[in-house]
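The residues making up each chain are set out below.
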Amino acid sequence: MLDDFLAFTLRNQPPVAPSGTTPGGMRWRWLGQGMLEIIPPRAIDTHIVLSAGVHGDETAPIEILRDLVADIAAGRLPLACRLLVLLGNAPAMSAGKRYLDDDLNRLFCGAHRNLPGSAESPRAAALEAAVAAFFANAVGARWHLDLHTAIRPSVFERFALLPQREAGYGPEVFAWLGALDISAVLNHRERSNTFTYFSSSEHNALAATLELGKVMPFGQNDLTRFAAVDAGLRRMLTSEAPAQSATQPRIFDVVGQLNKQSDAFVLAVGDTMANFTAYPRGTVIAIDRDERYVVSHDEERIVFPNPKVKNGLRAGLMVVERPV
Ligand SMILES: [Zn+2]
């Protein structure tokens, strides 16, 4: 099963044996569709959750995790942490869709309870339970990296989103993000219902959402473009230090949010721009009936513009670079 965890997940087929030991002595447990725990034989003080496919059509990171699991199973990757691998929206993944009813990455922190009829709600609850159980008695470093690919091109091809966190983030977090080939980091200042905000706020994990490039169908991803990310993940899993050669990412803070309140919402700057496109002070970014979003800093950059979201949801973020 471990040599093709993804195939079992897509077929929603539980393995004949739900747990076992690899030739290298790693103990693994299948925890349900797309959920797998792997634990080394000796006591360990690093606990890492890796997730992908929270958006079911974001295939390249799913394939990266499949290959990591296969290499651990074959003894090619000497795991030095407790590892929980989660293929997020497995039902949508099987259907080749981003989601079935609702964006899964808006349903964490219990938000799924408000949408009991949604196909995604039981999945959000199951993922929350898996993360809670994994971290329940975890003493030591806790990480959660949630791997995504973006819909649109980006000025910075690979970037990370850090959930709002009272304690902030230390230099080791930025060093690891650099080692994962991340060139820009976006700091959220408000709470949200994303998977990484859940792990951060409810389980005190150092959590980051990684946006790793553009979406392609399964089998059509050029995984060589993800080689540096893959290498960084392998260093993390084997408890090596981040590569010294890694460059520090640029850091951006969220200064505004584009809220779609009605069907009248439009992006005044068009909707084909790349993520992190910069606009000067005074630019009208969005209009919704009599509300306008106008750039109020010398320069603001737009991230995740999407005028097609449902009314009441976020249609984009505005960010400003933090002075070095
Ligand atoms: Zn995504």
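As a reminder, the structure under discussion sits directly above these lines.
Residues numbered from 1 in each chain as written. Predicted model: local features only at pLDDT ≥ 70, side-chain atom pairs only at ≥ 80, totals over all residues. Heavy atoms only, no water.

1. Thoughts on the overall build of the chain
Helix and strand counts for the chain come out as seven helices and 16 strands. Principal-axis analysis of the C-alpha atoms gives the chain an extent of 65 × 45 × 35 Å. Residue burial in the chain is summarised as follows: out of 324 residues, 55% are buried. Here the contacts in the chain between residues at least 6 apart in sequence split such that 72% fall between residues at least 24 apart. For the chain, the separation between the mean place of its 32 positive charges and that of its 35 negative charges on side chains is 2 Å. (Helix = DSSP H or I, 4+ residues; strand = E, 2+ residues; numbered from the N terminus. Buried < 20%, exposed > 50% of the residue type's maximum accessible area, 1.4 Å probe, protein only. Contact = heavy atoms within 4.5 Å. Lys, Arg positive; Asp, Glu negative; His and termini not counted. Charge placed at Lys NZ, Arg CZ, Asp CG, Glu CD.)

2. Some points on the coordination of the zinc ion
Within the protein, the atoms that donate to the zinc ion are His55 (ND1), Glu58 (OE), Glu58 (OE) and His148 (ND1), at distances of 2.0 to 2.3 Å. If you look at the zinc ion, its four donor atoms make angles of 57 to 143 degrees with each other, and the shape they trace is irregular. (Donors = N, O, S within 2.8 Å, 3.2 Å for Na, K, Ca; no water. Tetrahedral: all angles 85-135°; square planar, octahedral: opposite > 155°, others 65-115°.)

3. Some thoughts on the nonpolar core
Judged by nonpolar contacts, the single largest core of 52 residues is most densely connected at Ile38, Leu50, Leu83, Leu177, Leu210, Leu233 and Leu237. Examining the composition of this core, we find that eight residues originate from one element, helix α2 (residues 59–73), more than from any other. Sequence-distant contacts of Leu50, that is, excluding residues within four places in its chain, are made with Leu65, Leu68, Leu83, Leu84, Val85, Leu86, Leu145, Leu233 and Leu237. Among the nonpolar cores identified, the runner-up in size contains 20 residues, and Leu104, Ala124, Tyr197 and Ala205 belong to it. (Core = buried A, V, L, I, M, F, W, Y, C linked by side-chain atoms within 4.5 Å.)

4. Let's talk about helix α6 (residues 195–203)
Burial of α6 is extensive: seven of the nine residues sit out of reach of the surface. Taken as a whole, α6 has its buried residues at Phe195, Thr196, Tyr197, Phe198, Ser199, Ser200 and His203. Looking at the packing, one finds that the buried side of α6 touches β4 (46–52), β5 (82–87), α4 (121–135), β6 (141–150) and β9 (206–214). Downstream of α6 by a residue or two, Asn204 has a phi angle that is positive, lying close to 55 degrees.

5. Regarding unusual backbone geometry
For Asn204, which is not glycine, the phi torsion reads 55 degrees and is therefore positive. Considering the arrangement of structural elements, one finds Asn204 in the loop between α6 and β9. Residue Asn204 is classed as exposed on the basis of its relative accessible area, which comes to 53%. Phi is positive for Phe276, which is not a glycine, with a value near 75 degrees. By the element assignment, Phe276 lies in the loop between β11 (266–267) and β12 (277–280). On the basis of relative accessibility, which here comes to 0%, the residue Phe276 falls in the buried class.

6. Remarks on the sheet that holds strand β14 (residues 291–294)
Taken in spatial order, the three strands make up an open sheet running β11-β13-β14, and their pairing is antiparallel. One side of each edge strand has no neighbouring strand; the edge strands of this open sheet are β11 and β14. Summarising the sheet, strand β13 (residues 284–288) and β14 pair through four bridges and their orientation is antiparallel. Within β14, the residue paired with Ala286 across the bridge is Tyr293. (Pairing = 2+ DSSP bridges.)

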